[in-house]
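# Chains, contacts and geometry: an overview
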Amino acid sequence: MELRLRLLLLLLALICLHAPRWASAQQPEEATVIVKGSSRIAATDDNYVCATIDWWPPEKCNYNQCPWGQASILNLDLDHPFLSEAIQAFDHLRIRLGGSLQDRVVYDVGTESPCSPFTNVSNGLFGFSVGCLGMDRWDKLNDLFQRTGAIVTFGVNALYGRYNVRRSIWAGKWNSTNAYDFIKYTISKGYPVSSWEFGNELSGHGIGAKVDAKLYGKDVIEFKSILRQLYKAPLSQPLLLAPGGFFDQQWYSQLLETSGHGVVNALSHHVYNLGGGNDVHLIRKILDPKYLDRAEDTYRDMQLTIQRHGTWASAWVSESGGVFNNGGLLVSNTFINSIWYLDQLGMASQYNTKVFCRQTLIGGNYGLLDTETFLPNPDYYSALLWHRLMGNGVLSVDINAPRQIRAYAHCRKQQQGITLLLINLSNTTGYNVTLLNDINVSLGKRPDFEKRSSFTHRLKKAVSWLARKPPSNTKRREEYHLTAKDGDLQSKTMLLNGVPLELGDAGSIPAMDPVLVAVDSPVHLAPTSIAFVVLPKFEAKACS
């Protein structure tokens with residue numbers, strides 16, 4: 001009893017000591033998130049989080065920056081220990097090999113020409129010559145993938161055999177011989193490619209080059225025929241993805257109608273909704289809820305296109321870096337970008353997007369790993385937490401809060417309960433977020449926020465805490481709070497529950513442990529912060 005009294009007096013002293021600071025600082029506001037756990041509104045693939053490795057050589061430069069270094073499919077150091085550790089931490093990370101130059105790649109299988117890398121040329125697509133993937137390099141890549149348990153998606157050259165008519169328009173039939181030989185070689189070596197993607201950014205108006213949708217659809221039929229011929233066992237059939245470009249509703253609809261039932265397994269598109277790498281307003285855009293919401297139209301229109309023209313297909317984001325032309329220096333590789341990235345993962349999942357591939361795993365300014373040091377950037381840890389905590393069942397939420405609060409709910413990953421992702425876009429206001437289950441709450445009834453936000457109430461709550469036993473683990477939830485080091489939104493160091501996330505000895509990924517909190521208390525969401533909240537005992541029929 002005496003010890004408890006001393007603790008009480010100490011706590012009161014601390015409260016009084018800090019009272020002037022609390023009075024001068026902006027008080028946290030109240031918010032409510034109601035999770036609807038009775039049914040799923042969408043579902044992702046179990047390996048929703050995906051990362052890309054691109055073809056860009058060191059000479060790829062924009063805005064007087066050349067951030068690619070040795071990070072391409074052709075020159076990446078595949079033996080770097082940090083690379084293996086980073087992939088293995090996901091326990092089957094999906095990796096997509098592709099990018100702008102994939103439609104200029106020749107596979108060195110049965111070809112008589114020398115296998116040369118990309119070089120700068122004035123008249124080449126994107127300013128580069130045709131490049132070559134040697135089979136010795138392909139063997140080494142697959143050694144990495146098999147050692148780390150990666151799930152592979154490979155983007156095929158869809159311009160091979162075609163010719164440039166004028167400007168960006170390409171015509172002519174696709175020549176499938178080189179792709180056929182390459183896939184045959186891949187199967188002969190026992191390399192498990194989970195999916196093959198046909199072309200890169202050739203849809204709609206195209207980026208650098210474009211192909212008519214009907215012609216593209218006919219070539220996709222041929223590509224599907226090749227896959228069915230070479231993968232003889234029905235259960236071994238990989239997925240066919242197309243077109244891996246920017247969404248154009250008319251073009252995508254025509255592709256599905258031309259190719260027909262069951263040919264395209266996944267309709268893939270790219271998302272770069274923040275602008276170019278030289279945009280000085282990138283941070284403002286990331287923190288603007290109205291700007292972020294614009295991407296929702298694309299996900300919704302993609303879902304409608306599939307429902308109307310190709311119910312056999314699913315939606316994939318096969319490339320998304322947010323900022324095009326290499327990403328934004330000191331934006332795409334810093335804490336602030338995790339707000340954009342996690343918001344996009346949450347938003348896309350609500351529209352039945354099965355896979356979301358981040359540009360890049362390594363390379364450019366938007367890599368999950370630093371191009372030179374291979375150290376994880378903040379988005380790496382954000383991706384890893386999503387992968388470990390967010391299951392494939394997507395739940396609906398109601399948010400009673402300003403638009404600066406973003407909330408996404410999923411069934412918990414391979415365990416009972418749910419996981420909630422909360423994002424605070426405000427850089428000045430924190431929020432006390434009350435979590436409710438729609439089974440037990442009336443949507444028209446709001447908690448008494450005024451009473452709970454008062455200083456007196458907090459004091460009473462602190463005192464009452466001392467007078468009762470701490471809650472058992474069954475009455476606790478897990479919280480993972482992500483913030484920027486020293487409050488610097490452009491910091492490359494992310495804090496998890498106040499502790500810097502840094503690699504351990506030999507490049508080991510740090511432990512990412514939660515704090516345990518009483519399940520009936522509000523979640524305190526600091527300004528410009530992110531929180532994953534795991535509720536193991538949350539009653540959600542959709543997750544049982």
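Residues numbered from 1 in each chain as written. Predicted model: local features only at pLDDT ≥ 70, side-chain atom pairs only at ≥ 80, totals over all residues. Heavy atoms only, no water.

Within an unreviewed UniProt entry, the label attached to the protein reads Heparanase-like protein 1, and the organism entered is Miscanthus lutarioriparius. Looking at the Sequence similarities (unreviewed entry) heading of the UniProt record, one finds this comment for the protein: "Belongs to the glycosyl hydrolase 79 family." Of the comments in the UniProt record for the protein, the one headed Function (unreviewed entry) reads "Endoglycosidase which is a cell surface and extracellular matrix-degrading enzyme. Cleaves heparan sulfate proteoglycans (HSPGs) into heparan sulfate side chains and core proteoglycans." (UniProt positions renumbered as here; feature names shortened; annotations may be inferred.)

Looking only at helices and strands, the protein features 13 helices and 26 strands. Here the protein holds 544 residues, and 55% of them are scored as buried. Of the accessible surface of the protein, which amounts to about 23200 Å², a share of 52% is contributed by carbon and sulfur atoms. (Helix = DSSP H or I, 4+ residues; strand = E, 2+ residues; numbered from the N terminus. Buried < 20%, exposed > 50% of the residue type's maximum accessible area, 1.4 Å probe, protein only. Areas by Shrake-Rupley, 256 points an atom, 1.4 Å probe, with all protein chains shown as cover.)

Right, let's get into empty space enclosed by the protein. By the definition in use, this model includes 2 cavities of 30 Å³ or more. Its volume calculated, the largest cavity comes out at about 50 Å³. Lining the largest cavity are Thr44, Asp45, Asp46, Tyr48, Val49, Trp386, His387, Met390, Gly391, Asn392 and Lys413. Counting residues per element, the lining of the largest cavity draws most heavily on strand S17 (residues 390-400), at 3 residues. For the lining of the largest cavity, the per-class residue count stands at 4 nonpolar, 4 polar and 3 charged. By volume, the second largest cavity amounts to about 40 Å³. Looking at the second largest cavity, the residues that line it are Val105, Tyr107, Val156, Asn157, Tyr160, Trp174, Asn175, Asn178 and Ala179. When residues of the lining of the second largest cavity are traced back to their parent elements, those giving at least two are strand S5 (105-107) and helix H4 (177-188). Its residues placed into classes, the lining of the second largest cavity shows 6 nonpolar, 3 polar and no charged. (1 Å grid on protein atoms, 1.4 Å probe; cavity = no way out; pocket = protein on both sides within 12 Å on 5 of 7 lines; lining within 4 Å. Points joined across faces, edges and corners; volume = space filled by probe spheres on them. Nonpolar A, V, L, I, M, F, W, Y, C, P; charged D, E, K, R; others polar.)

Helix length check: helix H11 (residues 378-389), at 12 residues, gives a terminal C-alpha distance of 17 Å against a target of 16 Å (1.5 Å per residue), a fit within 8%. Counting buried residues along H11, 11 of its 12 residues qualify, which places the element largely inside the surrounding structure. Of the residues making up H11, those classed as buried are Pro378, Asp379, Tyr380, Tyr381, Ser382, Ala383, Leu384, Leu385, Trp386, His387 and Leu389. (Expected span 1.5 Å × (residues − 1).)

The tally for this structure, following the rule as stated, stands at 17 salt bridges. A salt bridge links Arg300 to Asp297, with the shortest nitrogen-to-oxygen separation between them at 3.0 Å. Residue Arg300 and its partner Asp297 are located together in helix H9 (residues 295-309), separated by 3 residues, close to a single helical turn. You can call Asp297 partly exposed: its relative accessible area is 43%. The network of salt bridges with common partners includes Asp293, Asp343, Arg403 and Arg406. (Salt bridge = Lys/Arg side-chain N within 4 Å of Asp/Glu carboxyl O.)

In this section: the nonpolar core. Ranked by size, the top nonpolar core spans 125 residues in total, and within it Trp138, Phe154, Trp196, Tyr216, Tyr380 and Phe532 carry the most contacts. Broken down by element, this core gets its largest block of residues, 8 residues, from helix H10 (residues 336-349). The next biggest cluster of nonpolar side chains, apart from the first, holds 24 residues, and it includes Ala409, Leu422, Val533 and Cys543. (Core = buried A, V, L, I, M, F, W, Y, C linked by side-chain atoms within 4.5 Å.)

Attention shifts here to the sheet that holds strand S11 (residues 239-245). Reading around the circumference, S3-S4-S7-S10-S11-S12-S14-S16 is the order of the 8 strands in this closed barrel, with parallel pairing throughout. Going across the sheet, the axis of each strand differs from the next one's by a mean of 30°, ignoring polarity. Where strand S3 (residues 49-53) meets strand S16 (residues 353-358), 3 bridges bridge the pair, whose relative direction is parallel. Within the sheet, the bridge partner assigned to Ala51 lies in S16 and is Arg358. Relative to the sheet, helix H5 (residues 213-230) contacts strand S7 (151-156), strand S10 (193-198) and S11, its axis offset from that of S11 by approximately 150°. (Pairing = 2+ DSSP bridges. Axes fitted to C-alpha atoms, helices over the stretch in contact; angles between N-to-C directions. Contact = heavy atoms within 4.5 Å.)

Below, the discussion takes up the environment of Asn47. Positionally, Asn47 belongs in the loop between strand S2 (42-43) and S3. Note on Asn47: relative accessible area 15%, which makes it buried. Here the alpha-carbon distance between Asn47 and Asn392, two residues 345 residues apart in the chain, equals 8.5 Å. Those residues in contact with Asn47, other than ones at most four positions away along the chain, are Asp91, His92, Arg94, Ile151, Val355 and His387.

With that settled, consider the state of the cysteines. Under the defined criterion, the tally for this structure stands at 4 disulfides. When the bonded cysteines of the protein are counted from the start of the sequence, the pairing works out to 1-6, 2-3, 4-5, 7-8. (Disulfide = S-S within 2.5 Å.)

This next bit is on the packing of aromatic side chains. This structure, assessed with the given rule, holds 27 aromatic pairs. With a centroid separation of 6.3 Å and 90° between ring planes, the pair formed by Trp138 and Tyr191 is classed as edge-to-face. A residue pair is termed long-range when its members are at least 10 positions apart, and Trp138 in helix H3 (residues 135-148) and Tyr191 in the loop between H4 and S10 qualify at 53 residues. Between the aromatic rings of Phe198 and Tyr216, the centroid separation amounts to 5.2 Å while the plane-to-plane angle is 65°, which identifies the pairing as edge-to-face. Taken together, the residues span a long stretch of sequence, with Phe198 in strand S10 and Tyr216 in helix H5 at a distance of 18 residues. By the burial criterion, Phe198 is buried, and Tyr216 matches it. Cluster of aromatic residues (ring-pair linked, three or more members): Trp55, Tyr107, Phe118, Trp138, Phe154, Phe182, Tyr191 and Trp196. Above the face of the Trp56 ring, Lys60 is positioned so that its terminal group lies 4.3 Å from the ring centre. A cation sits over an aromatic face here: Arg358 above Tyr341, 4.8 Å from the ring centre. (Phe/Tyr/Trp six-rings, centres within 6.5 Å; stacked < 30°, edge-to-face > 60°. Lys NZ or Arg CZ within 6 Å of the ring centre and 35° of its normal.)

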